[in-house]
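# Coordinate inspection notes
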Amino acid sequence: MTQVAITVNGERREAEVEPRQLLVYFLRNQLGLTGTNVGCDTSSCGACTVLVDGESVKSCTVFAVQADGAEVTTIEGLAENGELHPVQQAFHEQHALQCGYCTPGFVMAAVSLLRENPSPSEEQIRHGLEGNLCRCTGYHNIVKAVQAAAEAGA
């Protein structure tokens, strides 16, 4: 076992982990943050996307020990004082979800995208989210949601 200290959603968390434990399972199983979903375990779908030190990362590709000392933000850490993050609000208003399984990953990827490019074109949005898959929506409303969040200053 290896001791790690990871700041998750603003709170320092210390735990012992197996050296081979993936960050997604650390978040879900040890911390109970089940908003980060396990979709494919191969980095193809993006359902497990979180922010590590502000960068969009598929948490099924990172060992928890690699996140030692890092700041991790999950979908649970976006809302503040009971108010949805502007990207979450835009996904709600633009009906950018159906079953919702992929939504946390898309929201986290969109937050990262908008931090890097606050005014992306439709093409840039589609390119920026191409590592995330949805089997339900067809992506049109997801793109609209990211555009609305950008217009709202997310």
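This one's a predicted model, so the numbers in the text were calculated from it and none came from an experiment.

Turning our attention to helix α3 (residues 103–116). The terminal C-alpha atoms of α3 lie 20 Å apart, and with 14 residues this matches the ideal 20 Å at 1.5 Å per residue to within 8%. Taken residue by residue, α3 has Thr103, Pro104, Gly105, Phe106, Val107, Met108, Ala109, Ala110, Val111, Ser112, Leu113 and Leu114 as its buried positions. Residues of α3 that are buried sit in contact with β3 (49–52), β4 (55–58), β5 (71–73), α2 (86–93), α4 (122–128) and α5 (140–151).

This part covers the layout of surface pockets. Estimates place the volume of the largest pocket at around 170 Å³. Taken together, Gly39, Cys40, Cys45, Ala47, Cys99, Tyr101, Cys102, Leu133, Cys134, Arg135 and Cys136 make up the lining of the largest pocket. Among the domains, domain 1 (2–76) and domain 2 (86–151) are the pair contributing at least three residues each to the lining of the largest pocket.

Moving on: the domain arrangement of the protein. What the domain assignment reports for the protein is domain 1 (2–76) and domain 2 (86–151). Just the C-alpha atoms count here: the centres of domain 1 and domain 2 sit 21 Å apart. Counting from both sides, the interface comprises 18 residues of domain 1 and, opposite them, 14 residues of domain 2. At the boundary of domain 1 with domain 2, the tally comes to 0 salt bridges. Counting across the domain 1 and domain 2 interface gives 7 residue pairs in polar contact (both at pLDDT 80 or more). Mapped onto the side of domain 1 that touches domain 2, the elements with two or more residues apiece are β3 and β4. Its residues assigned to classes, the side of domain 1 that touches domain 2 shows 6 nonpolar, 10 polar and 2 charged.

Position of Glu71 among the secondary structure elements: in strand β5. Look at Glu71 and you get partly exposed, because its relative accessible area is 43%. Sequence-wise, Glu71 and Thr7 are 64 residues apart; in three dimensions their C-alpha atoms are separated by 4.7 Å. In this structure Glu71 touches Thr7, Leu51, Val52 and Asp53, once residues within four positions along its chain are discounted.

All right, on to the sheet that holds β4 then. As summarised here, the arrangement of the 5 strands in space is β2-β1-β5-β3-β4, forming an open sheet in which the pairing is mixed. Of all strands in the sheet, those with a lone pairing partner are β2 (11–17) and β4, marking the two edges. The mean angle between the axes of side-by-side strands here comes to 40 degrees, regardless of whether they run parallel or antiparallel. Bridging between β3 and β4 involves 4 bridges; their strand directions are antiparallel. Along β4, the bridge assignment pairs Leu51 with Ser56. Sitting on the sheet, helix α1 (residues 23–30) is in contact with β1 (2–8), β2, β3 and β5, with an inclination near 105 degrees to β2. Of the strands in this sheet, β3, β4 and β5 touch α3, which is tilted by about 40 degrees from β3.

Locating Val72 in the fold gives a position in strand β5. Overall, Val72 belongs to the buried group, its relative accessible area being 0%. Along the backbone, Val72 and Gly46 are 26 residues apart, and their C-alpha atoms lie at a distance of 16 Å.

Cut-offs applied
- Residues numbered from 1 in each chain as written.
- Predicted model: local features only at pLDDT ≥ 70, side-chain atom pairs only at ≥ 80, totals over all residues.
- Heavy atoms only, no water.
- Helix = DSSP H or I, 4+ residues; strand = E, 2+ residues; numbered from the N terminus.
- Expected span 1.5 Å × (residues − 1).
- Buried < 20%, exposed > 50% of the residue type's maximum accessible area, 1.4 Å probe, protein only.
- Contact = heavy atoms within 4.5 Å.
- 1 Å grid on protein atoms, 1.4 Å probe; cavity = no way out; pocket = protein on both sides within 12 Å on 5 of 7 lines; lining within 4 Å.
- Points joined across faces, edges and corners; volume = space filled by probe spheres on them.
- Domains from an automatic or database assignment.
- Salt bridge = Lys/Arg side-chain N within 4 Å of Asp/Glu carboxyl O.
- Polar contact = N/O pair within 3.5 Å; in protein donor to acceptor, adjacent residues only side chain to side chain.
- Nonpolar A, V, L, I, M, F, W, Y, C, P; charged D, E, K, R; others polar.
- Pairing = 2+ DSSP bridges.
- Axes fitted to C-alpha atoms, helices over the stretch in contact; angles between N-to-C directions.

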